[in-house]
Every structure is written in structure tokens, then in C-alpha cells.
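# Close look at the chain arrangement
Chain by chain, the residues:
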Amino acid sequence: MKTLSFFLLFTLITSSLSTVRSDPSNHRYKQGDLVPLYANKVGPFHNPSETYRYFDLPFCLPGDLKEKKEALGEVLNGDRLVSAPYKLEFQQDKESVAVCKKTLKKEDVALFRSAVRKDYYFQMYYDDLPIWGFIGKIDKERKDPSDYKYYLYQHIHFDIFYNKDRVIEINVRTDPNALVDLTEDNEVGVEFLYTVKWKETNTPFDNRMDKYSKSSSLPHHLEIHWFSIINSCVTVLLLTGFLATILMRVLKNDFVKYAHDEESAEDQEETGWKYIHGDVFRFPKYKSIFAAALGSGSQLFTLTVFIFILALVGVFYPYNRGALFTALVVIYALTSGIAGYTATSIYCQLEGTNWVRNLLLTGCIFCGPLFLTFCFLNTVAITYNATAALPFGTIVVIVLIWTLVTSPLLVLGGIAGKNSKAEFQAPCRTTKYPREIPSLPWYRGTIPQMAMAGFLPFSAIYIELYYIFASVWGHRIYTIYSILFIVFIILLIVTAFITVALTYFQLAAEDHEWWWRSFLCGGSTGLFIYAYCLYYYYARSDMSGFMQTSFFFGYMACICYGFFLMLGTVGFRAALFFVRHIYRSIKCE
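The following refers to the structure shown. Keep in mind that what you see is a predicted model, and the values were worked out from it rather than measured.

## Considering the pairing of strand β1 (residues 37–44)
Buried residues dominate β1, accounting for 7 of its 8 residues. As paired strands, β1 and strand β5 (residues 120–126) are joined by 7 bridges and run antiparallel to one another. Of the residues in β5, the one forming a bridge with Pro 44 is Tyr 120. Sheet analysis places β1 next to strand β3 (residues 82–83), joined by 2 bridges and oriented antiparallel. Note on β3: the bridge partner recorded for Tyr 38 is Ser 83. For β1 and strand β2 (residues 52–53), the ladder comprises 2 bridges, and the chain directions are antiparallel.

Right, dumping it as C-alpha cells:
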């Protein structure tokens, strides 16, 4: 069954993503052939989520306005491609060709002026190559904002490079002298023009996307990325060295001490982690939620690993539109069986009885908050008439995927987990009545321990976080997935080690309720990442407006919650391995 699942996974992913990747056989043109140019969207430059359809602004409409059919991932990405009014035939130069002449009414002028004030840009795709430009400019020679002048660009220049029969590169620039004054609320005439210049280049077709990834591969950026990795590696080495030295020495002393205690038990006061061996494997409270969280965390961990595999093999090259979203939806649906199997298996090991309810909880523990967040944010996008609002058909497709793929696999995984009949491997017998936990100082509480546990992993990744945020919530391009994968591995190692250390100190203080604590400490890095969101939004970005703010904090809350579940699962697994190991190494009566 596992082999079949992996086969289906890669078949669906490759089939869904191959439609996005350019096929060279479909990108050959003869002189005079019309090369497809699609207008995508417009929006404020500093608010990447707030985008609108291109013709929401009163540009010239083409005579044959057609909408391009989009794949699932492209729709989720907010792409809404329609045929553009410019005709760019292959190797055909044009000079100041008029698209249309029109008179802008007062409301049209106000609409364009508002767009210029908010620094609107437009995005188009020419033969699958992205192009951008600003729709206007503000003259700020006078210091008083009320005296600013607002201008609309009416002449666009297309510089296109070709190699034999293929388009290699396209650049767009606006004529700074061809301007229309939009400062006053008066009707104004405008003539939209465009110029096309074709130039030959030796760049091969296979390398035409390279220029979009050069910015992230510049020596300056690579130097910062490597500094981030060195910083993380030093953190890992110091932490692991400290833990290996201290814990091994302390544990060795503990083992010697407990061996002597068996000979002279009457002279020793029972203290330390050995003397709670009858309680350390007592099952936690709220075992159904605990098992569901572990199941969902295991699924998200598997999802992340598969995404990294696809990234490292080159699927997510720059402007492979919608590939990441398609992969996320498909892989999440196909890995739901892992969540069902893990959650039900653990729940049954913890002697849970209502496994069906546990399975429902597993399916909702991450998807529930994500669905509620999506409903709210999609309503906001609909109110703004933005392209981020998903069409009804796309929502139906996602619901069908969840109903026909995710839910059945979740149930099948749950049935397999229930039938596995694995027993919880506890090296010590649990006593009938729990031992009383001694009074502990405040810094041994759950919240202070979570703060300590989350800080070190976060410090190992925070430099790389800026580049990820600038890519997801800005216009930078992130392509160095190998470095990101190394940082991810470091994050897992640090999370596991710090959770193990804090678990040992907790047990040494005779606090045997370590199950939930290890999960919360492992996942606390997600809370630090969300705190970084606040810093990034107010200190490092220029985002503004209710829609952008709600999208940023809403979806980042879901992402950080996913990190909480995933890293919490990693922390608990590491702590469980450690606890089993130390209690297996002593003789418990």
C-alpha cells in the first residue's frame, strides 16, 4: 500500500506540474506569428496580496478579450490572465502604434489617480515570461502632499530578445515624456501607445529563466546566506556539545548513584528522575487531542520533506506559476493517511477507546483553523473584489479533493493504525496512583520552559527568515533551496536537543508530566516565528491596509500553527526516545 501511495503521489505531482513548465516544442515561432501576451493583474507594489484584475482599471479593452484557463495552483496564486490589448508579432518592430484613444471621465481619472498614489504596478506574461511596469508616477517636487502632481504613463516600450525561432527575454519600460496629468478631477483625453523593438541574442532557450534567479545568487546575498548557516552550525555545535558533555556526565553519575542506592537504599533519600519511574510513563491527559496533534504534525513533517525534494530537483524554478500551491494541495491530500495512521496508532497505544472521534479530531485539528481563516480572508478579498478571492469553481475543486482523496485516505490510515495493535513500549511499570509533584520555582513552569525551548531554534533560522518573508510577502525571488534545506535540518536538530535537555531537567526535578511539556516546548519555535511576523510587518515592510494586514497575519498564523504542530511532534519524538533510553538503562523495581 505504501508503494502504491508513493507511486500515485509522484504521478499526480508530475502530471499537475508538467502542465506549468514550458514545453520547448510549443514555443517556436515564425516571423510574423502572434506570440501570446496576457495581462495578469494590477495592485499596490508594497501590498503583494492586494491585486486586482488588469481591466479593473479603465485601460483599453482588446477586441477579442479572452480569459486564459488557469490550473489550480495558478488560481490559488491569484493569477487571472486575459488577452492584452498589445499585439506583439514575432520579429516585427513597431513604432508608437496607437492602441486606442479615449476620454477618461472624472471617475476614471479618480480611479487612475488613486492607483498612482498607491504605487500600482501591472504584471503581464509574454510567452510565459513575466513582465512588470508601473502605471504612473508622482511628482513630489513640492513638499506639501496636497501639491503633488499625478501622472499616467501612456506609452509603453517592449524590448524583446530572440534566439532563432524562440523568445528569450522581454523588458518593459515606460516613456517618461508621454504623460497624462491626473491631478485634477477633469475629463482628459488619452492615447495609449506602444513601441516594439526586437534584438537577437545568443542566450539558449533553456537558460531564459536564469535572469530571474540571479538576484538571490549574487555574492552579497550568498555571503549572508552562508553567514546564516555558519551561525546556525555554531549554535548546533555548541548546543550538542554542551548537551552531550553535561548530560552524558550527569547521566553517568546518576547511573552510578542509583546502582549504589540499591545497596544502601535505607540511607538514601529518594530523589531524582529514577524515583518517578512508576509515573513517567503514565499516559497524558487529553490523549485524544495529543494523538491528533502528533498525527497532524507527522503529516506536515512529511509534506515539508516532499516539498524540499521537489524544490531540490528544480520543480519550483522562478515564475513556474502555481507549482508550489499545486504541490501543497496534492501532497497534503495524499499524505493524510500518515496523519490517520499515526494518530490512531498512538491513541490506541495510549489505551484510547473512541478512535473514530480521534480520527475526526485529527482531520480537523489543522484543517479546521485553516478553513475558518480562509473563509474570513476570502470574504475580505471578495469585498475588495481582489484576485485573491477564489472563484466558486476552485472552491468546489478543493472541497472535492478533500472529500474524495483526503478524507478516504485519512480513514484508511486510521483503520490501519487501529489494526496495527502496537503496544506502548514502556521499560517501567506504571503505579496505580500518581506521585505528587513537588513545588517547583517559577522558571520551571510551562511558559518559561517554552520560551527557553523556542529561542535557540529561532536564533538558528531568523537570518534566513527575512529572505523567505521577502519572497513570500514581497517581490524578491528565493531560489537557494539547498541552503534552506540545511537550515531546516539544523532547526530539527536544535529543536530535538533542546527538548531532550529540558525534559531531563524536568524529570530530575521529579516532575513526571513531560508528555505535553515536550510537545509544547518543541513547537514553541512557531510562536517565535509569529512574533517575528510582527517585527517584519512594522519594521521591515511597507505593507498597509486592512486586506493586506489581515492576509499577512491570518495566513502567517496558519503557517506558524503548522510549524508548531510539526516541531512539537519532533520534540516529543526526541524526548520519548531519550526517556525510554534512560529508564531502560537502570533497574526499576
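## Quick notes on helix α11 (residues 446–472)
Taking 1.5 Å per residue as the helical rise, α11 with its 27 residues ought to reach 39 Å, whereas the 33 Å between its terminal C-alpha atoms falls clearly short. Maximal helix bending in α11 amounts to about 50°, located at Tyr 462.

## Comments concerning the environment of Val 280
Structurally, the position occupied by Val 280 is in the loop between α4 (219–263) and α5 (287–312). Residue Val 280 is classed as buried on the basis of its relative accessible area, which comes to 0%. When the C-alpha positions of Val 280 and Asp 511 are compared, they lie 8.5 Å apart, and in sequence the two are 231 residues distant. Beyond its immediate stretch of four places on either side in the chain, Val 280 contacts Leu 507, His 512, Trp 514, Trp 515, Val 579 and Tyr 583.

## Considering the side chain of Thr 499
In this structure, Thr 499 sits in helix α12 (residues 481–508). Apart from residues lying up to four places away in sequence, Thr 499 is in contact with Ser 518, Cys 521, Gly 522, Gly 571 and Ala 575.

## Considering the sheet that holds strand β12 (residues 188–200)
Read from one edge to the other, the open sheet built from 4 strands follows the order β4-β12-β9-β10, with strand pairing classed as mixed. Pairing within the sheet leaves two strands with one partner each, and these edge strands are β4 (94–104) and β10 (166–174). Put simply, the sheet's adjacent strands are angled 20° from each other on average, direction ignored. The sheet contact formed by strand β9 (residues 155–163) and β12 spans 8 bridges and is parallel. The residue bridging Ile 156 from the neighbouring strand is Tyr 194, located in β12.

## Some remarks on the packing of α5 against helix α7 (residues 336–349)
Two numbers describe how α5 lies on α7: the axes approach to 8 Å, and their chain directions differ by 150°. Regarding the angle of α5 to α7, the classification is roughly antiparallel. Considering only the axes of α5 and α7, their crossing is right-handed. Where α5 abuts α7, its residues Lys 287, Ser 288, Ala 291, Ala 292, Leu 294, Gly 295, Ser 296, Ser 298, Gln 299 and Thr 302 lie against Ser 336, Ile 338, Ala 339, Thr 342, Ala 343, Ile 346 and Tyr 347. Broken down by class, the residue content of the contact of α5 with α7 amounts to 8 nonpolar, 8 polar and 1 charged.

## A word on unusual backbone geometry
A positive phi angle, close to 50°, is found at Tyr 286, a residue other than glycine. For Tyr 286, the position within the fold is in the loop between α4 and α5. When its relative accessible area of 60% is taken as the criterion, Tyr 286 is described as exposed. With a phi angle near 65°, Glu 351 is a residue other than glycine that sits in the positive phi range. Structurally, Glu 351 can be placed in the loop between α7 and α8 (355–365).

## Overview of the state of the cysteines
Applying the stated criterion to the full structure yields 1 disulfide. A sulfur-sulfur distance of 1.7 Å marks the disulfide that ties Cys 60 to Cys 100. What sets the handedness of the Cys 60 and Cys 100 disulfide is the S-S torsion sign, and at about -60° it is left-handed. On the criterion of sequence distance, the pair formed by Cys 60 in the loop between β2 and α2 (72–76) and Cys 100 in strand β4 is long-range, its members being 40 residues apart. Note on Cys 60: relative accessible area 5%, which makes it buried. Judged by its relative accessible area of 22%, Cys 100 is partly exposed. Cys 367 carries a free sulfur, and the closest cysteine sulfur to it, the one in Cys 364, is 7.5 Å from it.

About the cut-offs
- Residues numbered from 1 in each chain as written.
- Predicted model: local features only at pLDDT ≥ 70, side-chain atom pairs only at ≥ 80, totals over all residues.
- Heavy atoms only, no water.
- Buried < 20%, exposed > 50% of the residue type's maximum accessible area, 1.4 Å probe, protein only.
- Helix = DSSP H or I, 4+ residues; strand = E, 2+ residues; numbered from the N terminus.
- Pairing = 2+ DSSP bridges.
- Expected span 1.5 Å × (residues − 1).
- Bend = angle between axes of the 7 residues up to and from the residue.
- Contact = heavy atoms within 4.5 Å.
- Axes fitted to C-alpha atoms, helices over the stretch in contact; angles between N-to-C directions.
- Parallel < 35°, antiparallel > 145°, perpendicular 65-115°, else oblique.
- Left-handed = near helix turned anticlockwise from the far one by under 90°.
- Nonpolar A, V, L, I, M, F, W, Y, C, P; charged D, E, K, R; others polar.
- Disulfide = S-S within 2.5 Å.

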